[in-house]
Amino acid sequence: MFGRKGTEGRDQGHREIAGWRLAVLVFLPFAMGYFLSYLFRTINGLVSARLASELGLSAADLGLITAAYFLVLAAAQIPVGIMLDRYGPRRVQSALLIVAALGAEAFARSQGPLSLLLSRALIGLGVAAALTAGLKAIVLWFPRERVALVNGYMVMVGALGAVSATVPAEAILVKTGWRGLFDILAIATAAAAILIYCLVPERETRPSSASQAGGLRSILRDVRFWRVAPLSGACIGSAWSLQGLWASAWLADVEGMTRTQVVTALCVTALMLSLGAWMLGALASWARRKGVGPERLLALIAMLFMAAQLALVSRLPLPAIAPWLIIAIVGAATVLSFAIVSDYFPTEMAGRANGALNVVHFGWGFLAQYGIGVLLAQWPQSNGHYPVIAYQVAFGVNLALQVAALIWFAAPREQSPRSPEASGGTEIVVADLVAASGERQALAREPVGHARW
């Protein structure tokens, strides 16, 4: 499960690192970093009511403060991807987690909206490599056919951070307050940084045949990337923004749940997120063996996600938590989208490719989280709650954009006439959602600048 000795011609000097040693020395340290990243991503959903009460914040204020995390993450992804390809995940991840620890401590000392915003942004910068560093390490150390499965385990462990941001964090919150909670998070993050730096081994990689900027341009010019990115960003970014802040508001304002019920519901959805990551990773691995690419699975998950949101907006007579369980699973669909990208581009460009995709994920997360807050604020509150129609409009606008992204993803495309595969005057039309797995892998081995649908 965690790799085989000498698989796919890996470096001779590192063949002895396999099995449980690979899990302990490589997988678990980076999974811990992603765990903390997920905890920071969702913790504001737990503390938002206390922040609003103590500091007099509106829905728009909460949306902007919480979404600042996504905005900085999006802006940092390309530079972080370049650094990961150049310096390796160990050094980049450990340095940035120190920044996150400083941001958490600053958040604990904040006295107003501006200081909260800046501290949250600093946390976002500090965890900017939390996922992509782990993905880069997986690509470097694990066999290609295992990448989707191990990605699933990475997201599964990371998603436990969302679980920790519910009932366990609530227990600490009651005893220490939100400031004490962030003090503890700062210490834990600094400890994770030290552990990664001291424990994870280095691995030499062959230099890219393209320059850093040239490799990035090749990624951004590849039409396959721009076919997947809008759908992946619209669904995954929205799932993150909803679970990270607006799920708790919906459950309290629309469903009328008490504080205890809301925290319990968030815990259940977070557990579903973690379980969903494992399920999606295992499903992607099984589907690949059957010749079914992860693109098909991504499209299916996207449609389920939209159906769940439509159920919320339409107020269908379902159990209050049922649609949120599906929304939580979609937050783990990075397992699929990053597996898609790993097929498209060579290993030495994995950091930049994953970073470019994460720009779309986090950028959409920012827009969705802040935009929903702005739309909600257009309606007056009644007894501290926004009306149902406000949530229906805000969620409905976001849903409409996701539908547009799905149509873009599914639209047939003609292959570029300059593509090497089009030699001999043959015109290939992509009429299906995805190519077969073998065709995608063959395309991934072509020079990146020529890899075109």
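Given the structure is predicted, the values throughout are model-derived calculations rather than measurements. (Residues numbered from 1 in each chain as written. Predicted model: local features only at pLDDT ≥ 70, side-chain atom pairs only at ≥ 80, totals over all residues. Heavy atoms only, no water.)

A. Focus on the environment of Ile236. Relative to the helices and strands, Ile236 is located in helix α9 (residues 223–253). Residue class for Ile236 comes out buried when judged on its relative accessible area of 1%. In the structure, Ile236 is positioned 96 residues away from Ala332 in sequence and 7.5 Å away in space, judged by C-alpha atoms. (Helix = DSSP H or I, 4+ residues; strand = E, 2+ residues; numbered from the N terminus. Buried < 20%, exposed > 50% of the residue type's maximum accessible area, 1.4 Å probe, protein only.)

B. Broad picture of the packing of aromatic side chains. Scanning all chains against the criterion turns up 15 aromatic pairs. Centre to centre, the rings of Phe107 and Trp178 are 5.8 Å apart; their planes meet at 80°, and the pair counts as edge-to-face. Taken together, the residues span a long stretch of sequence, with Phe107 in helix α3 (residues 89–108) and Trp178 in helix α7 (residues 167–199) at a distance of 71 residues. In terms of burial, Phe107 and Trp178 fall into one category: buried. The interplanar angle of 65° and the centroid separation of 6.4 Å between the aromatic rings of Trp250 and Trp324 together place this pair among those described as edge-to-face. Here Trp250, found in helix α9, pairs with Trp324, found in helix α12 (residues 322–330); they are 74 residues apart in sequence, far enough to count as distant. Per residue, the accessibility class of Trp250 equals that of Trp324, and both read buried. Every member of this aromatic cluster is reached through a ring pair, and the members are Tyr69, Phe70, Trp240 and Phe362. Its guanidinium or amino end placed over the ring of Trp240, Arg41 lies 3.9 Å from that ring's centre, counting from NZ or CZ. (Phe/Tyr/Trp six-rings, centres within 6.5 Å; stacked < 30°, edge-to-face > 60°. Lys NZ or Arg CZ within 6 Å of the ring centre and 35° of its normal.)

C. Local environment of the side chain of Gln369. On the secondary structure map, Gln369 appears in helix α14 (residues 350–376). You can call Gln369 buried: its relative accessible area is 0%. Here the side chain of Gln369 touches Ala67 through a polar contact of 3.2 Å, landing on its backbone nitrogen. A distance of 3.1 Å separates the side chain of Gln369 from the backbone oxygen of Ser241, its partner in a polar contact. (Polar contact = N/O pair within 3.5 Å; in protein donor to acceptor, adjacent residues only side chain to side chain.)

D. Region of the structure containing unusual backbone geometry. Not every positive phi belongs to a glycine, and Arg315 is a case in point at roughly 55°. Positionally, Arg315 belongs in the loop between α11 (294–314) and α12. Since its relative accessible area comes to 35%, Arg315 is described here as partly exposed. In the Ramachandran plot, Asn383 falls in the positive-phi region, its phi being about 55° despite a non-glycine side chain. Inspection of the secondary structure puts Asn383 in the loop between α14 and α15 (388–410). The class for Asn383 is exposed, based on a relative accessible area of 77%.

E. Up close: the side chain of Ser94. Among the structural elements, Ser94 can be located in helix α3. The exposure class assigned to Ser94 is buried, which follows from its relative accessible area of 6%. Sequence-distant contacts of Ser94, defined by excluding residues within four places in its chain, comprise Ala193, Ile196 and Tyr197. (Contact = heavy atoms within 4.5 Å.)

F. How the structure looks around a nonpolar patch on the surface. A cluster of nonpolar side chains, namely Trp20, Val24, Leu28, Met32, Leu195 and Leu199, defines an oily patch on the protein surface of about 540 Å² accessible area. Elements represented by at least two residues in the nonpolar patch include exactly α1 (19–55) and α7. At 4 residues, the largest contribution of residues to the nonpolar patch is made by α1. Structurally, Leu28 is set in helix α1. (Patch = residues over 30% accessible without salt bridge, like charges linked within 9 Å, V, L, I, M, F, W, Y side chains within 5 Å. Areas by Shrake-Rupley, 256 points an atom, 1.4 Å probe, with all protein chains shown as cover. Salt bridge = Lys/Arg side-chain N within 4 Å of Asp/Glu carboxyl O.)

G. Spotlight on the packing of helix α2 (residues 59–87) against α9. Close contact between α2 and α9 brings their axes to 11 Å; oriented N to C, the two are set at 140°. On the basis of their axis angle, the class for α2 and α9 is oblique. For α2 against α9, the interelement crossing comes out right-handed. Between α2 and α9, the contacting residues are Ala59, Leu62, Gly63, Thr66 and Phe70 on the first element and Trp240, Ser241, Leu245 and Trp246 on the second. By residue class, the composition of the contact of α2 with α9 is 6 nonpolar, 3 polar and no charged. (Axes fitted to C-alpha atoms, helices over the stretch in contact; angles between N-to-C directions. Parallel < 35°, antiparallel > 145°, perpendicular 65-115°, else oblique. Left-handed = near helix turned anticlockwise from the far one by under 90°. Nonpolar A, V, L, I, M, F, W, Y, C, P; charged D, E, K, R; others polar.)

H. Structural detail: the environment of Val163. In this fold, Val163 is placed in helix α6 (residues 147–164). Note: C-alpha distance between Val163 and Leu39 (124 residues apart in sequence) is 7.8 Å. What Val163 contacts, discounting residues up to four positions off in sequence, is Pro168, Cys267, Ala270 and Leu271.

I. How the structure looks around the packing of α3 against helix α4 (residues 113–126). Two elements in contact, α3 and α4, have axes whose closest approach is 7 Å; the angle formed by their N-to-C orientations is 160°. The orientation of α3 relative to α4 falls into the category roughly antiparallel. Seen from above, α3 lies across α4 with left-handed handedness. For the pair formed by α3 and α4, the contact residues are Leu96, Leu97, Val99, Ala100, Leu102, Gly103, Ala104, Ala106 and Phe107 on the first element and Leu116, Ser119, Arg120, Leu122, Ile123, Leu125 and Gly126 on the second. Looking at the contact of α3 with α4 residue by residue, the class counts come to 12 nonpolar, 3 polar and 1 charged.

J. Structural view of the nonpolar core. Membership of the largest hydrophobic core comes to 142 residues, with the highest contact counts inside it found for Ile43, Phe182, Leu231, Trp246, Trp324 and Phe395. Top contributing element to this core by residue count: α9, with 16 residues. Once residues lying within four places of it in the same chain are set aside, the contact partners of Trp246 are Ala59, Gly63, Ser241, Trp324, Ala368, Gln369, Ile372, Gly373, Leu376 and Phe395. (Core = buried A, V, L, I, M, F, W, Y, C linked by side-chain atoms within 4.5 Å.)

K. Structural context of the environment of Leu399. Along the polypeptide, Leu399 turns up in helix α15. Taking C-alpha positions, Leu399 is 9.3 Å from Phe305, a pair spaced 94 residues apart along the chain.

Honestly, that's just the spatial picture; any functional story needs more than this.
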